[in-house]
Amino acid sequence: MAIRPCRTYRAIPDIATPKRFGLTIAATLGRTTGPKKTDTYRAAPTIRRKGYADPCLLGEGLINRLLARHPSLRWNDGQNQSSPKPSCARTEAGSQWAAIPARPECSGCGAGRILAGFDSNTLPLRGVSGRTMKTRRDFLTQAPLGLLGAMVAGSALAQTGENPAPGTPPPGSPGAFDTAPPVGPKLSTATFVEAEKLAQVSMTEAQREMAVANWPTSMAALLERRTGPRKVALEDGLAPATTWFPAMGRAHVGPAHDRFVPSKVAATPLPAKDEDIAFASVAQLGTWIRARKLTSSRLTKIYLERLKRFDPQLRCVITLCEEHALAQAAQADKEIAAGHYRGPLHGIPWGAKDLLDTAGIATTYGAEPFRHRMPKDDGAVTRKLNEAGAVLVAKLSLGALALNDIWFGGQTMNPWLLQEGASGSSAGPASATAAGLVAFAIGSETQGSIISPCMRCGTTGLRPTYGRVPRTGAMTLCWTMDKLGPIARSVEDTLLVLNAIRGTDPGDSASVAAHLDYDAAAPIKGLKVGYFPGWMKEASATELDRAALAQLRALGLVPTEVSLPDWPYDDLNLLLFAEAAAAFEELTLSGAADQLPMQTPDAWPNLFREARFLSAVDFVQADRLRRKVAREMERVMAEVDLLLVPSLRDEMMVISNMSGQPSLTLRTGFVEVSQVRSDWAPDPKHPLPKLAKPHRVPYGVTLIGRLFDEGTLGRVGRALEAKVAVAGERPVGF
């Protein structure tokens, strides 16, 4: 690595073995610019694997011969005085030579100048033998190369006549760390005392003093990209050089071939009521449209009317795409009438979480600073759904910048309990789907943003394997964790959507062309379903979690106990906070984050600011821990075919999102709550409202699959959905 040097060099010892000292030639060679001028330079090592020899170790006689050969060579005595030769003395302990001035002067001959010691403010030379070398034998066994280099360098320059500028290293000199021009604010040891508290490390007073002295020339300069003068803008869509691949180098992960065989939908008459049509499954709607019992235009108008009627209660719509939707629906009807049927999503209205780019339609991220953001192009998933013939009817709400359920238009509400939020951050997709305002929606998850709102609103959410669905044209929160996935009212609907949006895209370096193997009729008997016995007994689990395990046993699966090490998995969130803060750096540093609706300690503005003080070293260590955790998940998933876990179990929420495992969350029953629920940290000053009486709300479980094995999740999930038979119940009033 070459580091751009400056004109001032500092002596840095690097001595591994006391008996192998060499003599390093100073980086700077000077010539006079006038008969009475003498340039004095401080020197830095250019061969860092060599150490420095004290002048006495060279042998007094040989130094005299060197000075006689080059009479203009002078040694600075540290007091701005010169003498023809240096001297030294031992410390009282006898184990370290006293500091020898490190500024030799050359008055004109161009000979290489020997750096023989150190200023008192540089690192001392330790471990030097107490014996003074005065003989040729001593010198030749300790430092022959250094002396030879000094003479050769001087002679060579004298012959070539090179005249380097003052402070310029000779040709071929590598750069060195800690040589940048000093920049940044004035520091003191107290600065590092306080910084140590944040990083939870400790330094000695001497180490703090060293850091104060060299931080401006070593670390401060590394921030120039942001602080200037040579600022570099990092455009949206520019991903980091490092990419997370869940397969971790394995050549074959997931199914060996593509197979997509959904269940056969029974031929049923079209319902008379619009609301019954609205709550029908995607598969059923597609059957009616293909049979031309229902037009896309009529279905689109049904959903547009419901969006207008119920959005004032739910606040789930950011942009209603009425004109756009009617045009797409008319085109779908025209194609289907002509015999061009694109597939099960042709003519089906859907809603997009408002972080998916839509050409000519605002994509706001739910945040005031982006309220008028107008993309020129469709995102990859939008484009894929357009190609499948789906009809976009609305851009749906998300908590500002994909956190929880509050955006610039208010809080998105749960249709099952209008006094509480829908959870997030895929709040609008879950709320609108649960209320029958769209046939399906696209949500996203970095850590819980599909699972949590699906639990709250009673919808079905499929979080694909990381890399399964391309994210080009979607808001970035965390490059190595963001995932896009479908939210629907039935398990198989999510598979129908996944099959349409999966694949690769040049704009997403993490996207993977993995096979999808789903056969609705394939048997599930004998599959091993793993579970964590301790988790099933603790507060995050309910009787419905335990009942789901029993129901899977009744379906022929084999419940199998599994375990994970008791590690601090939340440490991995250092990666999440650092990546998110990087993604929204300009928003934070410009102060625009102050426009976000939530300014609590657990909201993004504060977390973005705090994340700037996370250690880069700890980031790398957390990334290494991530790989270690992913290997543990690889071990666990080798023992079973899938896992059943309490949906909101913190450890698995972190682990599975970091490892990239797919998940399927589905409703399996109902529970009663006596208090509204919130995604935000408890605030004693604003306690959550109590309900006048217990309220019945949906509850679900989550299945975790092997990498790229969403097909098995779909088969087992569909069987469990049929077994519990609660997916068809609707929220009252919708």
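Residues numbered from 1 in each chain as written. Predicted model: local features only at pLDDT ≥ 70, side-chain atom pairs only at ≥ 80, totals over all residues. Heavy atoms only, no water.

1. Notes on the overall build of the chain
In terms of regular secondary structure, the chain is built from 23 helices and 21 strands. Across the 734 residues in the chain, those meeting the buried criterion constitute 52%. Excluding contacts between residues fewer than 6 apart, the proportion of contacts in the chain whose partners are at least 24 apart in sequence is 78%. (Helix = DSSP H or I, 4+ residues; strand = E, 2+ residues; numbered from the N terminus. Buried < 20%, exposed > 50% of the residue type's maximum accessible area, 1.4 Å probe, protein only. Contact = heavy atoms within 4.5 Å.)

2. Describing the pattern of salt bridges
On inspection of all chains with the given rule, the structure shows 35 salt bridges. Close ionic contact of Glu729 with Arg696 constitutes a salt bridge, the shortest N to O distance being 2.5 Å. You can see Glu729 sitting in the segment after α23 (710-724) and its partner Arg696 sitting in strand β21 (residues 690-705), a full 33 residues away along the chain. You can call Glu729 partly exposed: its relative accessible area is 33%. (Salt bridge = Lys/Arg side-chain N within 4 Å of Asp/Glu carboxyl O.)

3. With respect to the pairing of strand β20 (residues 663-675)
Bridge count between strand β14 (residues 460-463) and β20: three bridges; the pairing is antiparallel. When the bridges of β20 are listed, Arg463 appears paired with Ser663. Relative to β21, β20 is paired through eleven bridges, and the arrangement is antiparallel. Residue pairing for β21: Arg667 is matched across the bridge by Gly700. (Pairing = 2+ DSSP bridges.)

4. Some details on the confidence of the model for the chain
Mean pLDDT over the chain stands at 84; residues scoring 70 or higher make up 78%. Per-residue pLDDT stays below 50 along residues 1-60; that stretch engages in 168 contacts with residues further than four places along the chain or on separate chains. (pLDDT = per-residue confidence, 0-100.)

5. Comments concerning the sheet that holds strand β18 (residues 558-561)
Strand pairing in a sheet is mediated by backbone hydrogen bonds. Such pairs are either parallel or antiparallel. Reading across the sheet, the eleven strands line up as β6-β8-β7-β13-β15-β14-β20-β21-β19-β17-β18 and stay open at both edges, with mixed pairing between neighbours. Sheet topology places β6 (317-320) and β18 at the edges, where each strand pairs with a single neighbour. Sheet twist, expressed as the mean angle between neighbouring strand axes with direction ignored, is 30 degrees. In this structure, strand β19 (residues 642-645) lies alongside β21, joined through four bridges in antiparallel fashion. Residue pairing across strands places Leu644 opposite Leu703, the latter belonging to β21. Along the sheet, helix α17 (residues 543-554) makes contact with β17 (528-531), β18, β19, β20 and β21, crossing β21 at roughly 40 degrees. (Axes fitted to C-alpha atoms, helices over the stretch in contact; angles between N-to-C directions.)

6. A few points about the packing of aromatic side chains
Summed over all chains, the structure comprises twelve aromatic pairs. Their ring planes at 45 degrees and their centres at 5.5 Å tell us that Phe260 and Tyr518 sit as a pair that is tilted. Of the two residues, Phe260 is situated in strand β5 (residues 259-261) and Tyr518 in strand β16 (residues 517-519); the sequence distance between them amounts to 258 residues. Judged by relative accessible area, which is 0%, Tyr518 ranks as buried. Measuring from ring centre to ring centre gives 4.9 Å for Phe310 and Phe734, while their planes differ by 50 degrees; the resulting arrangement is tilted. With Phe310 in helix α10 (residues 296-314) and Phe734 in the segment after α23, this residue pair connects regions lying 424 residues apart in the sequence. A residue is classified by how much of its surface remains accessible, and Phe734, at 8% relative accessible area, is buried. Put simply, the rings of Tyr365, Phe370, Phe584, Trp604 and Phe608 touch in pairs and so form one group of aromatic residues. (Phe/Tyr/Trp six-rings, centres within 6.5 Å; stacked < 30°, edge-to-face > 60°.)

7. Remarks on the packing of helix α18 (residues 573-583) against helix α21 (residues 616-639)
Following both chains from N to C, one finds α18 and α21 inclined at 125 degrees, their axes separated by 8 Å at the closest point. Relative to α21, the element α18 lies oblique. Like other packed secondary-structure pairs, α18 and α21 cross with a definite hand, here left-handed. Of the residues in α21, those in contact with Leu574, Leu575, Ala578 and Glu579 of α18 are Asp618, Phe619, Ala622, Asp623 and Arg626. (Parallel < 35°, antiparallel > 145°, perpendicular 65-115°, else oblique. Left-handed = near helix turned anticlockwise from the far one by under 90°.)

8. Brief notes about the pairing of strand β13 (residues 440-445)
Successive residues of a regular strand alternate their side chains across the two faces of the sheet. Burial of β13 is extensive: six of the six residues sit out of reach of the surface. Neither face of β13 is exposed, since Phe440, Ile442 and Ser444 on one face and Ala441, Gly443 and Glu445 on the opposite face are all buried. Here strand β7 (residues 349-353) runs beside β13; their pairing, made up of three bridges, is parallel. For Ala352, the partnering residue across the bridge sits in β13 and is Ile442. As defined by bridge partners, β13 adjoins strand β15 (residues 483-488) across five bridges and the pair is classed as antiparallel. From the neighbouring strand, Ser444 faces β15, where its bridge partner is Leu484.

9. Quick notes on the nonpolar core
Formed by 121 residues in total, the largest nonpolar core has its most connected members in Leu285, Leu401, Phe440, Leu643 and Met652. The residues contacting Leu643, other than those within four sequence positions of it, are Val529, Gly530, Phe532, Val562, Met633, Val636, Met637, Met652, Thr702, Leu703 and Ile704. Core analysis: the second largest hydrophobic core is formed by 19 residues, Ala329, Ala394, Ala435 and Ala441 among them. (Core = buried A, V, L, I, M, F, W, Y, C linked by side-chain atoms within 4.5 Å.)

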